[in-house]
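# Chains, contacts and geometry: an overview
Spelled out, the chains give:
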Amino acid sequence: MTRYFLGELAIEGFRGINNDGDPLVLRFKVDAVNSIHAPNGVGKSSIFEAIHFAIYGNVPRLKALQDAEQGDGYVVNKFHPGQQATIDLIFKSDDGTPDITIKVTRAANGARVVTSPSGRPHPEQFLATLQEDFVLVDYGRFAKLIDISALERGRSFASLVGLSRYSKLRQALDGARRTQNINSDLGLSALDVEVKTNERALSAIERRIIAAHDEVAGAGGAAIDKLAGAKTAVTSALSSIALLKPLVSSETVMDLDFDAAEKAIEKEEGGEARRKLDALTTAVASLSATTVADADVADIERLVGLAKRRDEAVRSVGAHALHALLRNALAVVTGADWHDPNQCPVCEAKGDGPLKPKLEAKIAQYDAAVELDAELVNEIATAAGIEKLRQLEEAAAMAIGTGDRLHIAFDLAAKKGEVATADLEKIRERLVGLEKQRKEVLERAQQEAATLQGQLPPSLVQVTRTLSFAKQFRDAVVEFEAAAPMLRAKQDKLKLLNRWKTFITGAVQSFADAEAALANERIAEIQTSCQDLFGRFVRGGPDVKPTLSRAQNSENVDLKLANFFGLQDLSARALLSESYRNAVASAIFLATAMKHSGVPRFMVLDDVTSSFDAGHQFALMDALRTLMRYGAVPDGLQFIILSHDTSLEKYFDKLNGTTDWHHQKLQGMPPKGRLMVSAQEVDRLKAQAQQHLNAGQIDIGAPFLRQYLECKLAQIISRLVIPVPPDYATRGDRRTLSTYIEAITEAVTLYQAAGRCVMSAQQISDLQNHHAPSIVGNFVSHYETGAGTPFNAYALLGVLQSIDDLAGCFTYIDPTNGQKKYYRQLDRR
């Protein structure tokens, strides 16, 4: 795999960097530690955010703003005339393949456009391959890794060691296997209820078919899977009755004209008695099949108990409306645009820790109550006792009016999920009462049927009874043949969904096991190097060993101290100071980055040593330079360090120019003025000053001259190690230039008086009598005080020459190569 370093970065119009028409250009060495120093407010953070915007497409600080604050409007420099930001990046490979140039533009209309001047196909995808957690790290990321919860640390760690996609997939699988999601998304629960209800109804139809068949054709021989034979038997039995034979001879029981058959019987016996006997026979059959058993009443009792548990769960968490409120609050605090994870979005009060786990715990209680409610609804839909109540209230023989049927209102409440415990208790009482009523009605119907049968001719009584059961057989068969195919389709679908449920449950567990094993393997790979690096960073500190461990069957990653002054397995988060916690985070990030084998081979660190004292800062820098830098080790990283720390600046200055360190300083006047790298831009400043002054553009040329003068003076001070007042770099007034010149001339005077100055007498004389007075008199005195003769182009061009002449006083010709060089110090070459 080809891997890439960051070779060059050019920025214009982004955040604090204006640089209209003259981008800030930073060049990096792939085999050195690259440091960039700038005082506060000069644009260092804008560089970090520009790289983030280029690779990730956003600026985290702006993304965290609320919508009303319109964070996107701050991506482009407010003073850039084109209101367009451009970021050019050049990536260098580790295998000699051609460089890749990517240009990211944030247009005036807000669009983000990514192109590749070098012809790289799919440049956006290439940037996506660089999106690793270790690539861009600032102080906040270090601090966050230690102080967040074990679950959040686990997910962050997964991303850090290249397992983020597995972590996201695991979370997605967890969501897919949740019973509540399967029930709601796939309708499994509702389908299960439908199937059970339909199976029960079909079973009742089957019993009616068998019972009617036995009454007509005689008991035995009937089976629901031999329905054709049952039809033939019933038809044959009807054909054997002389009165009905003419009607059946060319038909089967399924096609028989029962109205014609009843009229034939009525004609034979001549009256109403036959119809009444038929109705009584049907009523007796219906009521005999709806006996309320003890199990039916117990079924209702069970539902009452479940409803009481549901009520208790709801009471323990509060009003149902609060559930939705908590879910909305959770969505807000976990959203990318919420600014403070500890602040409540409802009351705006701040807690002592993240709200997310508290909200999740409370929501889990509500979810438990919701699941109990859903279980109750499902149980009601399949309860035998409820179905028995429904059958009895709808039975014609019971003569219960529609308005008096309790199950109608109950069914409606069940569909709405609004069944109360009191409703079920009424159902239980009603069922017991209906059983008593059923027995009474059945007894009366049996007595009336017996009386009527005694009054009718015996032959017609039997014929009427047989025809009644034949009709019941026909009706039941019609219902069965309509319901059975629909039930089979639902059963097939239910089997398919249950197979999916079984599969996803097993797959989630298998995936979780594999992911945990891989995560532990990654932890084991970095554990030793992480502990070694921590020991280096905190040299002289306690001999403790930070230890990462992945919890079984979870994504939690615990961070403990294997040895804390003899005590074992203590919380690193609870015991370590802020600087030591950040040292642990540094060790983890750097150890994992070194192990990473993906596309990016560079790591940008922004003010990561803010909590370190000088000793720990240097220890970290030394480890980067000698142990992890590409060039020092074959598989090392290219480091780019952004810092405002003045003690680190001295360290960077000392190492600058060596083979393993490349240091650049920023200077300028952001956000309106230009930002530049002092060492690279000094000659360009002179050229631009000359260009504008030669064109008579004094107002434009004078500021460039001032910057050029400042750069050259700072260069002399830095290269010759000239002592200066401690506040020379921090003065906020316009006296900076004269302070520089005074520091230089007085240092020369001092060394001269001591007889140690390496400069020639002519150089000293030119400096003190010509160049310095010329610069002060023709430019500095007027610039800083506003007094004296205004500038003119010729005078300022003379000042430019004097600046170079002044700098030349501190140089000599190297006899070995004939090149001009600065003296090393005022007393040595």
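The present account deals with the structure reproduced in this document. Predicted model, so just to flag it, every value in this text is computed and none were measured. (Residues numbered from 1 in each chain as written. Predicted model: local features only at pLDDT ≥ 70, side-chain atom pairs only at ≥ 80, totals over all residues. Heavy atoms only, no water.)

### Remarks on the overall build of the protein chain
Counting its secondary structure elements, the protein chain contains 28 helices and 16 strands. Scaling as 2.2 N^0.38, a compact globule of 829 residues should have a C-alpha radius of gyration of about 28 Å, whereas the protein chain reaches 45 Å, well beyond that. Taken over the C-alpha atoms alone, the protein chain extends approximately 155 × 70 × 50 Å along its principal axes. By element, 52% of the accessible surface of the protein chain is carried by carbon and sulfur atoms, the whole surface being about 39,900 Å². In the protein chain, which carries 96 positive and 104 negative side-chain charges, the distance between the mean positions of the two groups comes to 3 Å. (Helix = DSSP H or I, 4+ residues; strand = E, 2+ residues; numbered from the N terminus. Rg over C-alpha atoms; globule rule 2.2 N^0.38 Å. Areas by Shrake-Rupley, 256 points an atom, 1.4 Å probe, with all protein chains shown as cover. Lys, Arg positive; Asp, Glu negative; His and termini not counted. Charge placed at Lys NZ, Arg CZ, Asp CG, Glu CD.)

### Side note on unusual backbone geometry
Positive phi, close to 50 degrees, is recorded for glutamine 70, a residue that is not glycine. Looking at the secondary structure, you find glutamine 70 in the loop between α2 (60-63) and β4 (85-93). A positive phi angle, close to 50 degrees, is found at valine 721, a residue other than glycine. Within the secondary structure, valine 721 sits in the loop between α25 (698-719) and α26 (736-753).

### Quick look at the nonpolar core
If you look at the biggest cluster of nonpolar residues, it comprises 99 residues, and the most contacted ones within it are Phe91, Met603 and Leu666. Take this core: its biggest share by element is 11 residues, from helix α21 (residues 578-595). Apart from residues lying up to four places away in sequence, leucine 666 is in contact with Leu24, Leu26, Ile36, His37, Ala38, Pro39, Val42, Ile47, Leu675, Met676 and Val677. Counting residues in each nonpolar core, the second largest holds 43 residues, with Ile716, Ile764, Ala807 and Tyr823 among its members. (Core = buried A, V, L, I, M, F, W, Y, C linked by side-chain atoms within 4.5 Å. Buried < 20%, exposed > 50% of the residue type's maximum accessible area, 1.4 Å probe, protein only. Contact = heavy atoms within 4.5 Å.)

### Things to note about the packing of helix α27 (residues 761-785) against helix α28 (residues 793-808)
Contact geometry of α27 with α28 gives a least axis separation of 9 Å together with a crossing angle of 150 degrees. Taken together, α27 and α28 sit at an angle that is classed as roughly antiparallel. Like other packed secondary-structure pairs, α27 and α28 cross with a definite hand, here left-handed. Residues Gln763, Leu767, His771, Ala772, Ser774, Ile775, Asn778 and Phe779 of α27 touch α28, and the partners they reach there are Leu796, Val799, Ser802, Ile803, Asp805, Leu806 and Gly808. Residue composition of the contact of α27 with α28, grouped by class: eight nonpolar, six polar and one charged. (Axes fitted to C-alpha atoms, helices over the stretch in contact; angles between N-to-C directions. Parallel < 35°, antiparallel > 145°, perpendicular 65-115°, else oblique. Left-handed = near helix turned anticlockwise from the far one by under 90°. Nonpolar A, V, L, I, M, F, W, Y, C, P; charged D, E, K, R; others polar.)

### What about the pairing of strand β5 (residues 100-106)?
Across the seven residues that make up β5, a large majority, six, are buried. Here β4 hands over to β5 after six residues, with glycine 96 in that stretch at a positive phi of 85 degrees. Examined bridge by bridge, β5 and strand β6 (residues 112-115) share four bridges and lie antiparallel to one another. Paired with threonine 105 across the bridge in β6 is valine 113. With antiparallel pairing between neighbouring strands as the criterion, β5 and β6 make up a hairpin whose turn holds five residues, including glycine 110 at a positive phi of roughly 95 degrees. (Pairing = 2+ DSSP bridges.)

### Comments concerning the sheet that holds β4
Pairing is antiparallel in the open sheet, where five strands are placed in the order β2-β1-β4-β5-β6. The open sheet has two free edges, formed respectively by β2 (24-27) and β6, since each of these has just one partner strand. The average undirected angle you get between the axes of adjacent strands in this sheet is 15 degrees. As paired strands, strand β1 (residues 4-12) and β2 are joined by four bridges and run antiparallel to one another. Paired with isoleucine 11 across the bridge in β2 is leucine 24. Here helix α1 (residues 44-56) sits on the sheet in contact with β1, β2, β4, β5 and β6, set at roughly 110 degrees to β1.

### Side note on the environment of leucine 590
By the element assignment, leucine 590 lies in helix α21. Judged by its relative accessible area of 1%, leucine 590 is buried. Along the primary structure leucine 590 and cysteine 530 are separated by 60 residues, whereas in three dimensions their C-alpha atoms are 7.9 Å apart. Residues within four places of leucine 590 in sequence aside, it is in contact with Leu533, Phe537, Met603, Leu620, Leu624, Met628 and Phe639.

### Side note on helix α18 (residues 421-455)
Compared with the 51 Å implied by 1.5 Å per residue over 35 residues, the 51 Å span of α18 between its first and last C-alpha is a close match. For α18, the set of buried residues is Thr421, Leu424, Ile427, Leu431, Leu434, Glu435, Arg438, Val441, Leu442, Ala445, Ala449 and Leu452. (Expected span 1.5 Å × (residues − 1).)

### A short note on the sheet that holds strand β7 (residues 136-138)
What the six strands build is an open sheet, ordered β7-β11-β12-β3-β13-β14; its pairing is mixed. Single-partner strands in this sheet number two, and they are β7 and β14 (675-677). Direction aside, neighbouring strands of the sheet carry axes that sit 20 degrees apart on average. Taken together, the five bridges between strand β11 (residues 602-606) and strand β12 (residues 638-643) define a ladder with parallel strand orientation. Across the sheet, aspartate 606 pairs through a bridge with leucine 642, a residue of β12.

### Some details on the packing of aromatic side chains
What describes a pair of aromatic rings is the distance from one ring centre to the other and the angle between the planes of the rings. In this structure the tally under the stated criterion is 15 aromatic pairs. With a centroid separation of 5.8 Å and an interplanar angle of 40 degrees, the aromatic rings of tryptophan 500 and phenylalanine 503 are classed as tilted. Here tryptophan 500 and its partner phenylalanine 503 are both found in helix α19 (residues 458-537), three residues apart, which amounts to about one turn of the helix. The exposure class of phenylalanine 503 is exposed, given its relative accessible area of 51%. These aromatic residues form a ring-pair network of at least three members: Tyr4, Phe91, Phe126 and Phe602. Residue placement shows lysine 78 over the ring face of tyrosine 74; its charged tip is 4.4 Å from the ring centre. (Phe/Tyr/Trp six-rings, centres within 6.5 Å; stacked < 30°, edge-to-face > 60°. Lys NZ or Arg CZ within 6 Å of the ring centre and 35° of its normal.)

### Things to note about the state of the cysteines
For the structure on display, the rule yields zero disulfides. Between cysteine 344, a cysteine without a disulfide, and cysteine 347, which holds the nearest cysteine sulfur, the sulfur-to-sulfur distance is 3.7 Å. Left unpaired, cysteine 711 is separated from the closest cysteine sulfur, that of cysteine 809, by 19 Å. (Disulfide = S-S within 2.5 Å.)

### Quick word on the side chain of lysine 44
By secondary structure assignment, the location of lysine 44 is in helix α1. A polar contact of 3.2 Å, which involves the side chain of lysine 44, links it to the side chain of aspartate 607. Apart from residues lying up to four places away in sequence, lysine 44 is in contact with Ile36, Ala38, Asp606, Asp607, Leu642, Ser643 and His644. (Polar contact = N/O pair within 3.5 Å; in protein donor to acceptor, adjacent residues only side chain to side chain.)

### A word on the pairing of strand β8 (residues 546-550)
The side chains of a regular strand alternate, residue by residue, between the two faces of the sheet. Only one face of β8 is buried, namely the one carrying Pro546, Leu548 and Arg550, since none of Thr547 and Ser549 on the opposite face is buried. Bridge analysis of β8 against strand β9 (residues 557-561) gives five bridges, and the strand direction is antiparallel. If you follow leucine 548 over to β9, its bridge partner there is leucine 559.

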